[in-house]
Amino acid sequence: MGLQRFERRLERLVEGAFSKAFRSGLQPVEIGRRVTREMDAGRTLGVRGTVVPNEFVVRLSAEDIERFSGFLDALVHELADAAREHAREAGYHFIGPVEVTIREDDAARRGDLEVDAAIREGPEGVVGAVVLPDGRRVQLGDVPATIGRMPECAIALSDPQVSRQHAQITRDEHGYRVVDLGSTNGTMVNGVVVREHSLADGDVVVVGATSLRFEES
């Protein structure tokens, strides 16, 4: 499912100005498939379950780099999202942020594709992020992240149904948890009203009329 969504997004991404570049040769979706295969191949058993690579270096020829140059940043973003979705569906865990880098390989010819995958622990160990409705990601750390309408909130929302300081996401030795701060309209996780709740990868936190997705990376 994750790769299918990735393919659909890529189809929209390469429409119009970029469509001619992808009538032949290496296709972006091939890179996505290789990234997920390397993730599967690199899985190992950790204290929290199955841990998989979170850093990927994609090595391409200079010609393919040039073909992708018009939307390289968007492709990197989509590849990272595809990796997260694949991990979520397979029940994998990361111990650091997902990072994808595309590099030119002097020895590669057009169509060649190599992906190096590694498990890299983040500076603070397991990290989390909140994905906003527009796709932006707010990285979480040890400092509590307040959700609310006030501009100084780490996750500032313009939703009028959200309180000035609505909820807070905090970190402890077990991971992240969301705590309602006495908001007017309450906080829900996966459709259930909560006062305090431990978050798992993929949980949907609803404050006011806004849905936020928690991710472990």
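Chemist: Where do I start with the overall build of the chain in this structure?
Modeler: Looking only at helices and strands, the chain has 4 helices and 16 strands in total. By residue count, 45% of the 217 residues in the chain fall in the buried class. Of the contacts made within the chain by residues no fewer than 6 positions apart, 60% connect residues no fewer than 24 positions apart. Within the structure as shown, the chain displays about 11,200 Å² of accessible surface, and the carbon and sulfur contribution to it stands at 47%.

Chemist: So what exactly am I meant to see when it comes to the packing of helix H2 (residues 28-41) against helix H4 (residues 72-90) here?
Modeler: Two numbers describe a pair of packed helices, the interaxial angle and the distance between the axes. The interhelical angle for the contact between H2 and H4, taken along N-to-C directions, is 40°, at an axis separation of 10 Å. What the angle tells us is that H2 and H4 run oblique. The two elements H2 and H4 cross, and the hand of that crossing is right-handed. Packed against H2, whose contacting residues are Pro28, Ile31, Gly32, Val35, Thr36, Met39 and Asp40, the element H4 presents Leu75, Leu79, Ala83, His86 and Ala87 at the interface. Of the residues assigned to the contact of H2 with H4, the class counts are 8 nonpolar, 3 polar and 1 charged.

Chemist: How should empty space enclosed by the protein be read in this particular structure?
Modeler: Picture a little ball the size of a water molecule; that probe, rolled over the atoms, points out where space is still empty. In the structure shown here, the tally under the stated rule is 1 cavity of 30 Å³ or more. The calculated volume of the largest cavity comes to roughly 60 Å³. In terms of lining residues, the largest cavity is bounded by Arg84, Ala87, Arg88, Tyr92, His93, Phe94, Asp201, Glu215, Glu216 and Ser217. The leading source of residues in the lining of the largest cavity is H4, at 3 residues. Partitioning the lining of the largest cavity into residue classes produces 3 nonpolar, 2 polar and 5 charged.

Chemist: I'm lost on the pattern of salt bridges in this one. Help?
Modeler: Once the charged atoms of two side chains with opposite charge are near each other, the side chains can pair. By the definition in use, this model includes 16 salt bridges. The residue Asp116 makes a salt bridge to Arg59 at a minimum N-O spacing of 2.9 Å. Placement of Asp116 in strand S5 (residues 114-118) and of Arg59 in strand S3 (residues 55-60) is noted, with a sequence separation of 57 residues between them. On the basis of relative accessible area, Asp116 is assigned to the partly exposed category, the value being 37%. We classify Arg59 as partly exposed; its relative accessible area is 25%. Salt-bridge contacts for Arg84 lead to Glu215; the nearest nitrogen and oxygen are separated by 3.7 Å. A residue pair is termed long-range when its members are at least 10 positions apart, and Arg84 in helix H4 and Glu215 in strand S16 (residues 210-215) qualify at 131 residues. Both residues of the pair, Arg84 and Glu215, belong to the buried class. When salt bridges with common partners are traced through the structure, they connect Asp81, Arg84, Arg88, Arg137, Asp201, Arg213 and Glu215 into a single cluster.

Chemist: Mind showing me how you'd approach the sheet that holds S5 here?
Modeler: Hydrogen bonds between backbone atoms are what pair the strands of a sheet, whose relative direction is either parallel or antiparallel. Pairing is mixed across the open sheet formed by 3 strands, whose spatial order is S4-S3-S5. Strands at the two margins of the open sheet, each flanked by one partner only, are strand S4 (99-104) and S5. Ignoring strand direction, the axes of neighbouring strands in this sheet form an average angle of 20°. Two elements, S3 and S5, share 5 bridges in a ladder whose sense is antiparallel. In the strand pairing of S5, Val57 is matched with Asp116.

Chemist: Any chance you could explain H2 here in plain terms?
Modeler: Since the α-helix turns once every 3.6 residues, residues separated by three or four places project in the same direction. Taking 1.5 Å of rise per residue, the 14 residues of H2 would be expected to cover 20 Å, and the 20 Å separating its terminal C-alpha atoms lies within 8% of that figure. Pro28, Val29, Ile31, Gly32, Arg34, Val35, Thr36 and Met39 are the residues of H2 that are buried.

About the cut-offs
Residues numbered from 1 in each chain as written. Predicted model: local features only at pLDDT ≥ 70, side-chain atom pairs only at ≥ 80, totals over all residues. Heavy atoms only, no water. Helix = DSSP H or I, 4+ residues; strand = E, 2+ residues; numbered from the N terminus. Buried < 20%, exposed > 50% of the residue type's maximum accessible area, 1.4 Å probe, protein only. Contact = heavy atoms within 4.5 Å. Areas by Shrake-Rupley, 256 points an atom, 1.4 Å probe, with all protein chains shown as cover. Axes fitted to C-alpha atoms, helices over the stretch in contact; angles between N-to-C directions. Parallel < 35°, antiparallel > 145°, perpendicular 65-115°, else oblique. Left-handed = near helix turned anticlockwise from the far one by under 90°. Nonpolar A, V, L, I, M, F, W, Y, C, P; charged D, E, K, R; others polar. 1 Å grid on protein atoms, 1.4 Å probe; cavity = no way out; pocket = protein on both sides within 12 Å on 5 of 7 lines; lining within 4 Å. Points joined across faces, edges and corners; volume = space filled by probe spheres on them. Salt bridge = Lys/Arg side-chain N within 4 Å of Asp/Glu carboxyl O. Pairing = 2+ DSSP bridges. Expected span 1.5 Å × (residues − 1).

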